[in-house]
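Structural features, examined
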Amino acid sequence: MISFDEAIHLVYIAVGNINYPEKFEGLYSPIRYILELKGKKIRPVLCILSYNMWKEDFEEVMPSAIAWEIFHNFTLMHDDLMDKADKRRGEDSVHKRWNENTAILSGDAMLILAYQHIASCPEVYLKELMDLFSSTAAEICEGQQLDLEFESRLEVCQEEYMEMIRLKTAVLLGASLKTGAIIGGASKQDAQLISEFGVNIGLAFQIMDDLLDVYGDPKLFGKNKGGDIVANKKTFFLLKALEMADSKTKECLKQWLKNTNQEHKEDKINAITAIYDDIGIKKMAEDKIKSLYLQARNSLAKISVEEDKKYVLSTFAEQLMNRKI
């Protein structure tokens, strides 16, 4: 069985070997730039690891694995533009290094490039994978739309939040894993089970991000502590606090949400974190993460392959549970 690091190595080689038309350097340079930024390449790696549970010849799965990496970075390129984020993985975002129009157009070209890669899959799986790719792409757009709507809404329930992160984040992990299983020749039941594994891991991953924003070590996490609090971002923590707080605490929380003065951001972080502490939101988040992890493990356990072939994905899930960054 291939290791996680070996799969990453395969992905980096494949990304470096992408052929771009030389005539339109201005269009394709930003694509090459964002794809070659350092990162864990989780989505294509999961595709490869899933495939490896059934087959060992990685050549036929690589175009589809890279399709998900291209697509993921396409969403990041446009997300950075929409969020006016100037950094991506510690480097200038595309719209910062070039300009906004370039980020839009090169992002569009990335989506086309992703479709070209997924269409390079074995012909017998073409219809199934194109359908999966298109439905997942639509779901991610739907998740982004929900996220945008939540920015201007104070009242967002937990169910809506979980649906938003499922669509925006988790379905992509599930689809990457399912792609590898399909090309590997897995049964429909096993392909669905590994998709469910990915979705639940993706949900847990996002809630862990919410937790680390409040309680993580900035030196390890790589982000300023309380960034989501300052931005009034709808997270598991904020929505759970609004749901669980008594009337007095809820009013205090709402007053802090109205305070957008950057000079008060440290006071805001401390005050809202204290509310989270008083209500016990951290324990609720940890319990939710554990529940999702157990659901993911249960799906993985049901897949009809030898236990040793599940080891790398099982270890990946365990590492998520112990994630500090």
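Scroll up to find the structure.
So, a few notes on the structure that sits alongside this text. (Residues numbered from 1 in each chain as written. Predicted model: local features only at pLDDT ≥ 70, side-chain atom pairs only at ≥ 80, totals over all residues. Heavy atoms only, no water.)

Overview of the overall build of the protein
Along the protein, the regular secondary structure elements total 16 helices and two strands. Taking 20 Å as the expected radius of gyration for a compact globule of 325 residues, we find that the protein reaches 20 Å, a close match to that expectation. Seen along its three principal axes, the alpha-carbon backbone of the protein occupies a region of about 60 × 50 × 35 Å. Within the span of the protein, comprising 325 residues, buried residues form 51% of the whole. In the protein, once contacts between residues fewer than 6 apart in sequence are set aside, the share between residues at least 24 apart is 73%. When the 41 basic and 51 acidic side-chain charges of the protein are each reduced to a single mean position, those positions are 3 Å apart. (Helix = DSSP H or I, 4+ residues; strand = E, 2+ residues; numbered from the N terminus. Rg over C-alpha atoms; globule rule 2.2 N^0.38 Å. Buried < 20%, exposed > 50% of the residue type's maximum accessible area, 1.4 Å probe, protein only. Contact = heavy atoms within 4.5 Å. Lys, Arg positive; Asp, Glu negative; His and termini not counted. Charge placed at Lys NZ, Arg CZ, Asp CG, Glu CD.)

Quick notes on the pattern of salt bridges
For the coordinates displayed, the defined rule picks out 17 salt bridges. Across the pair K87 and D92 runs a salt bridge, and its minimum N-O distance is 3.0 Å. D92 gets classed as partly exposed once you look at its relative accessible area, which sits at 29%. Of the charged contacts, one joins E306 and K309 as a salt bridge, the two residues approaching to 3.5 Å between their closest N and O atoms. (Salt bridge = Lys/Arg side-chain N within 4 Å of Asp/Glu carboxyl O.)

Observations concerning helix α1 (residues 4-16)
Its 13 residues give α1 an end-to-end C-alpha distance of 19 Å, which sits within 8% of 18 Å, the value for a rise of 1.5 Å per residue. The set of residues buried in α1 consists of F4, A7, I8, V11 and V15. Along the axis of α1, the buried residues cluster in a sector spanning 100°; they form a single face. Along α1, exposed side chains directed more than 90 degrees from the buried face belong to D5 and H9. (Expected span 1.5 Å × (residues − 1). Arc of directions from axis to C-beta.)

A look at the nonpolar core
Grouped together as the largest cluster of nonpolar side chains are 105 residues, with contacts concentrated most on L35, I48, F71, Y276 and L313. Other than its neighbours up to four places away in sequence, Y276 contacts V214, Y215, I229, F237, L238, A241 and I281. (Core = buried A, V, L, I, M, F, W, Y, C linked by side-chain atoms within 4.5 Å.)

Quick notes on the packing of aromatic side chains
Within a pair of aromatic rings, the relevant descriptors are the distance that separates the centres and the angle that separates the planes. Going through the model one piece at a time under the given rule, you end up with 12 aromatic pairs. Relative to F237, the ring of Y215 lies with its centre 6.0 Å away and its plane at 50°, an arrangement referred to as tilted. With a gap of 22 residues between them, Y215 in helix α9 (residues 188-215) and F237 in helix α12 (residues 236-244) connect regions that are remote in the sequence. The exposure class assigned to Y215 is partly exposed, which follows from its relative accessible area of 23%. Relative accessible area serves as the criterion here: at 0%, F237 is assigned to the buried category. (Phe/Tyr/Trp six-rings, centres within 6.5 Å; stacked < 30°, edge-to-face > 60°.)

Examining the side chain of N73
Relative to the elements of secondary structure, N73 occurs in helix α4 (residues 62-83). When residues no more than four places from it in sequence are discounted, the contact partners of N73 are I34, L35, R89 and M110.

Observations concerning the side chain of T273
Mapped onto the elements, T273 comes out in helix α14 (residues 265-279). Assessed through its relative accessible area of 15%, T273 is described here as buried. Among the polar contacts listed, one links the side chain of T273 to the backbone oxygen of I269, at a separation of 2.7 Å. Among residues more than four places away in sequence, those in contact with T273 are V214, Y215 and I229. (Polar contact = N/O pair within 3.5 Å; in protein donor to acceptor, adjacent residues only side chain to side chain.)

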